[in-house]
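Coordinate analysis (summary)
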Amino acid sequence: GAGVSQSPSNKVTEKGKDVELRCDPISGHTALYWYRQSLGQGLEFLIYFQGNSAPDKSGLPSDRFSAERTGGSVSTLTIQRTQQEDSAVYLCASSLAGANEQYFGPGTRLTVT
Amino acid sequence: GQNIDQPTEMTATEGAIVQINCTYQTSGFNGLFWYQQHAGEAPTFLSYNVLDGLEEKGRFSSFLSRSKGYSYLLLKELQMKDSASYLCAVRDPFYNQGGKLIFGQGTELSVKP
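The following paragraphs examine the structure supplied in this document. (Residues numbered from 1 in each chain as written. Chains lettered and ligands numbered in written order. Predicted model: local features only at pLDDT ≥ 70, side-chain atom pairs only at ≥ 80, totals over all residues. Heavy atoms only, no water.)

**Digging into the packing of aromatic side chains**
Applying the stated criterion across every chain yields a total of 15 aromatic pairs over all chains. On the numbers, 6.3 Å between centres and 70 degrees between planes, the contact of Phe104(A) with Phe103(B) is edge-to-face. With Phe104(A) in strand E10 (residues 103-104) and Phe103(B) in strand E10 (residues 101-103), this residue pair bridges two chains. With respect to burial, Phe104(A) and Phe103(B) carry one shared label: buried. (Phe/Tyr/Trp six-rings, centres within 6.5 Å; stacked < 30°, edge-to-face > 60°. Helix = DSSP H or I, 4+ residues; strand = E, 2+ residues; numbered from the N terminus. Buried < 20%, exposed > 50% of the residue type's maximum accessible area, 1.4 Å probe, protein only.)

Right, here's the structure in full:
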């Protein structure tokens, strides 16, 4: 079956612009996670959705970052007024409720110039 | 807070055995994961340990000691394709199910002929 998909795969944007990153989880997966991976760094948690609600937003680094999930499926991560330090690979993962394994998408590589 | 330590890089020879260690300090414990990540690709799940002991899955085994806050991933009969980054992660102990993963920085393994 189809895995987690993310779009775009690459995004180059100018400092100060807004960007939207999309994640399509595996069908039926109620849990959805956003992480980011900066060069030479480990994966850093951003936000966790269970259905359409976000019980854990503790990893969002500033109020420029927001995310939503609609219909218990697709999620969008929005970064407003992008900064160079936002450059990273943004990874989305999904899992079945109560399951241990999180399945990761291929990521979106964001470059802020 | 949560802290996860693993070596930054390791080198091993094709056909050999390598052990990648991971130590963690967390306020609680709700499972430890190992993921494999090839360059430019999504992390893929390797193993999950929640009880002490060794879990074996083909050429890969993972060990956990909760009292020592210690895990290792053992790779046998190394192949060139095993060259990748190996990520140790613990699940946020706040959640009984689901919840974010807290990752170490990853161990870059290079397998030489």
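**Notes on the interface of chain B and chain A**
At the interface, 19 residues of chain B touch 21 residues of chain A. Counting each side, the surface lost to burial between chain B and chain A is near 1,600 Å², with a carbon and sulfur contribution of 51%. By the criterion of area lost to chain A, the three top residues of chain B are Tyr95(B), Lys100(B) and Phe103(B), representing 28% of everything that side buries. A salt bridge links Asp56(A) to Lys100(B); the nearest nitrogen and oxygen atoms lie 3.6 Å apart. Our enumeration of links across chain B and chain A arrives at seven residue pairs in polar contact (both at pLDDT 80 or more). Breaking the side of chain B that touches chain A down by element, the ones donating at least two residues are strand E4 (32-37), strand E5 (44-49), strand E9 (84-91) and E10 of chain B. Take the side of chain B that touches chain A: its biggest share by element is three residues, from E4(B). (Contact = heavy atoms within 4.5 Å. Buried area = accessible area lost by both parts, 1.4 Å probe. Salt bridge = Lys/Arg side-chain N within 4 Å of Asp/Glu carboxyl O. Polar contact = N/O pair within 3.5 Å; in protein donor to acceptor, adjacent residues only side chain to side chain.)

**Looking at the pattern of salt bridges**
By the definition in use, this model includes eight salt bridges over all chains. In this structure, Arg36(A) engages Glu44(A) in a salt bridge whose closest nitrogen and oxygen atoms are separated by 2.8 Å. Assessed through its relative accessible area of 32%, Glu44(A) is described here as partly exposed. Look at the salt bridges and you will find they share partners, linking Asp56(A), Asp92(B) and Lys100(B) into a network.

**A look at the sheet that holds strand E8 (residues 75-79) of chain A**
Residue and element names in this part refer to chain A. Spatial strand order, E1-E3-E8-E7: four strands in an open sheet with antiparallel pairing. Where the open sheet ends on each side, the last strands, each with one partner, are strand E1 (5-7) and strand E7 (65-69). Here the strands of the sheet are splayed against their neighbours by 15 degrees on average, with no regard to which way each runs. Here strand E3 (residues 19-24) pairs with E8 via five bridges, running antiparallel. (Pairing = 2+ DSSP bridges. Axes fitted to C-alpha atoms, helices over the stretch in contact; angles between N-to-C directions.)

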